[in-house]
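# A look at the structure
Listed here are the chains, written in short residue letters.
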Amino acid sequence: FREIAAQTAGEKWLGLLDGGEYAKAWEECAQLFRQRVTREQWVDSLPTTRAPFGSMKSRKVEAAGYKTSLPGVPDGQYVTVRYRTNFEKKEGAEEVITLAFENGVWRPTGYSIR
């Protein structure tokens, strides 16, 4: 159940990225993430990170896992979800999002794309 709840929250958040709403996406992130990455850093870096991929065409969950500890962060409740995503300019890209359970809500605390 935790994985599904986190995955649902993650997909809503990924929708913000897909729509270019990077500032709003940053606001939705876990406090831990916002302490490490400023809004300005996030908004400046994301367009260059995602632009080479083009627009998102389809996204499918490959795996989701729950953990109570991850390297470099305090113990808590975390779910990491790995997606296989087809973009306009790159088929089969991998997106990984880690979400933390914070104040009763799953919030992104990490994101990568390759």
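Bringing the nonpolar core into the picture now. Grouped together as the largest cluster of nonpolar side chains are 23 residues, with contacts concentrated most on Trp 13, Leu 17, Trp 42 and Tyr 111. Only helix 1 (2-18), helix 2 (22-28), helix 4 (39-50), strand 2 (78-87), strand 3 (93-102) and strand 4 (105-113) provide two or more residues apiece to this core. Residue contributions to this core peak at five residues, all from helix 1. Sequence-distant contacts of Tyr 111, defined by excluding residues within four places in its chain, comprise Trp 13, Leu 14, Leu 17, Trp 42, Arg 50, Glu 95, Val 96 and Ile 97.

Our next topic: unusual backbone geometry. Across residues other than glycine, the phi torsion is negative in most instances, and most of the peptide bonds are trans. In this model, Asn 103 sits at a positive phi of 50 degrees, which is unusual for a non-glycine residue. Looking at the element boundaries, Asn 103 is found in the loop between strand 3 and strand 4. Asn 103 gets classed as exposed once you look at its relative accessible area, which sits at 74%.

Considering all chains together, one arrives at twelve salt bridges under this definition. In this structure, Glu 62 engages Arg 84 in a salt bridge whose closest nitrogen and oxygen atoms are separated by 3.2 Å. Within this pair, whereas Glu 62 is found in strand 1 (residues 56-67), its partner Arg 84 is found in strand 2, the two being separated by 22 residues in sequence. Overall, Glu 62 belongs to the partly exposed group, its relative accessible area being 37%.

Criteria and cut-off values
Chains are numbered independently. Their residues run from 1 in the order of the written sequence. Reporting in this predicted model follows two pLDDT cut-offs: at least 70 for local features of residues, and 80 or more for side-chain atom pairs to be given and counted; totals over whole chains, interfaces and linings ignore these cut-offs and use all residues. To get the side-chain values, all heavy atoms of the structure are used, and hydrogens and water are removed first. In plain words, nonpolar cores are sets of buried Ala, Val, Leu, Ile, Met, Phe, Trp, Tyr and Cys residues tied together by side-chain atoms within 4.5 Å. Each residue is assigned to one of three classes by its accessible area relative to the maximum for its type, calculated with a 1.4 Å probe on protein chains only: buried under 20%, partly exposed between the two thresholds, exposed over 50%. Put simply, DSSP H or I for four residues or longer makes a helix, DSSP E for two residues or longer makes a strand, and each gets a number counted from the N terminus. Contact between two residues is taken to exist if any of their heavy atoms lie within 4.5 Å; hydrogens are not considered. We define a salt bridge as a contact between a side-chain nitrogen of Lys or Arg and a carboxyl oxygen of Asp or Glu at a distance within 4 Å.

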